[in-house]
Each structure stands twice: as structure tokens, then as C-alpha cells.
Amino acid sequence: MLAINDQIQIQGWELTEQFIRASGPGGQNVNKVSTAVELRFEAARSPSLPPQVKARLRRLAGRRWTREGAIIIQCDETRSQARNRVIARDRLADLIQKALVAPKKRLRTKPTWSSQQRRLKAKKERGEVKSLRGRVNDGE
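The following paragraphs examine the structure supplied in this document. (Residues numbered from 1 in each chain as written. Predicted model: local features only at pLDDT ≥ 70, side-chain atom pairs only at ≥ 80, totals over all residues. Heavy atoms only, no water.)

We now examine the environment of Ala-61. As for its placement among the helices and strands, Ala-61 is situated in helix α2 (residues 51–61). Spatially, the C-alpha atoms of Ala-61 and Asp-138 are 66 Å apart, while their sequence positions differ by 77 residues. With residues up to four places along the chain from it excluded, the contact list for Ala-61 reads Ile-71 and Leu-95. (Helix = DSSP H or I, 4+ residues; strand = E, 2+ residues; numbered from the N terminus. Contact = heavy atoms within 4.5 Å.)

All right, on to the packing of α2 against helix α3 (residues 81–100) then. Contact geometry of α2 with α3 gives a least axis separation of 8 Å together with a crossing angle of 125 degrees. In terms of their interaxial angle, α2 and α3 are classed as oblique. The hand of the α2/α3 crossing is right-handed. Together, Val-53, Arg-56, Leu-57, Leu-60 and Ala-61 of α2 and Leu-95, Ile-96, Lys-98, Ala-99 and Leu-100 of α3 make up the contact between the two elements. Classifying every residue of the contact of α2 with α3 by side-chain character gives eight nonpolar, no polar and two charged. (Axes fitted to C-alpha atoms, helices over the stretch in contact; angles between N-to-C directions. Parallel < 35°, antiparallel > 145°, perpendicular 65-115°, else oblique. Left-handed = near helix turned anticlockwise from the far one by under 90°. Nonpolar A, V, L, I, M, F, W, Y, C, P; charged D, E, K, R; others polar.)

Function cannot be inferred from these measures alone, as they are strictly geometric.
Next comes the structure, spelled out in C-alpha cells:
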């Protein structure tokens, strides 16, 4: 079980861990031991999360969200399988924590009179600069 906050706990059946060989340097250890972890969370089928949290989680997860509605998190930072497992679980908990926070609605505001005047003045000056770039008429 993975505790996110007081109200939300992810059950053990929703998480699947698979240990794979890590890539990169590491000598003989990297060729023999499967220290990297691939944590899979069945987010779409999870009864622990409300629908609006699932929608925000899908947007935040990005490429980690699969077609089946699962989130896959890989970790091969350390040479310890247990430490990689803890890091992957922490990343999942942080991702869900971010999805729990609803974004604030943006309130439309009207520009002030003075800001409108500054904008129009800048446009007028810019237009004058551009008009002076034209051809010079010697005859007139």
C-alpha cells in the first residue's frame, strides 16, 4: 500500500513492480543483476482516485501514461534495487500529489485606461517610424 495523504491510499493490487537490467556503465554488476525498477500503476481502473484527479494525472503523466490507462515509472538511478524501488514509489506519490491540486480559475480583467493609452501611443510611434522608411521624393 502507498499512502498519498490522509484520504487517499493506493492499494497493493494497483501497483506492479518489474525489475529489469539497468543501462549504462556499472561493470560486471550491471550485466548480472536486475537493479532497475519499472513501477506500473493502473490509474484508470483505480477506485482510490476521483475522476477529476485521474484527468489531471493523465495530463501530468504525459508519455508515461499508456493506452490502457496505466502509469509507468522507471528508475535506475542507484545500484541498489531497494533504493530504486523507493525512488520510483516516491515519484509516483509526488505525481499524484500534484494531480490532487486543482488549478485556479483565471479571472478576466479589463486593461486600465492608462495601459490602453500607452499601447496606442506605442503603436502610433511605431507606425511613424515605419512610414519614414519609404522612398524619398526629390521632386516634391
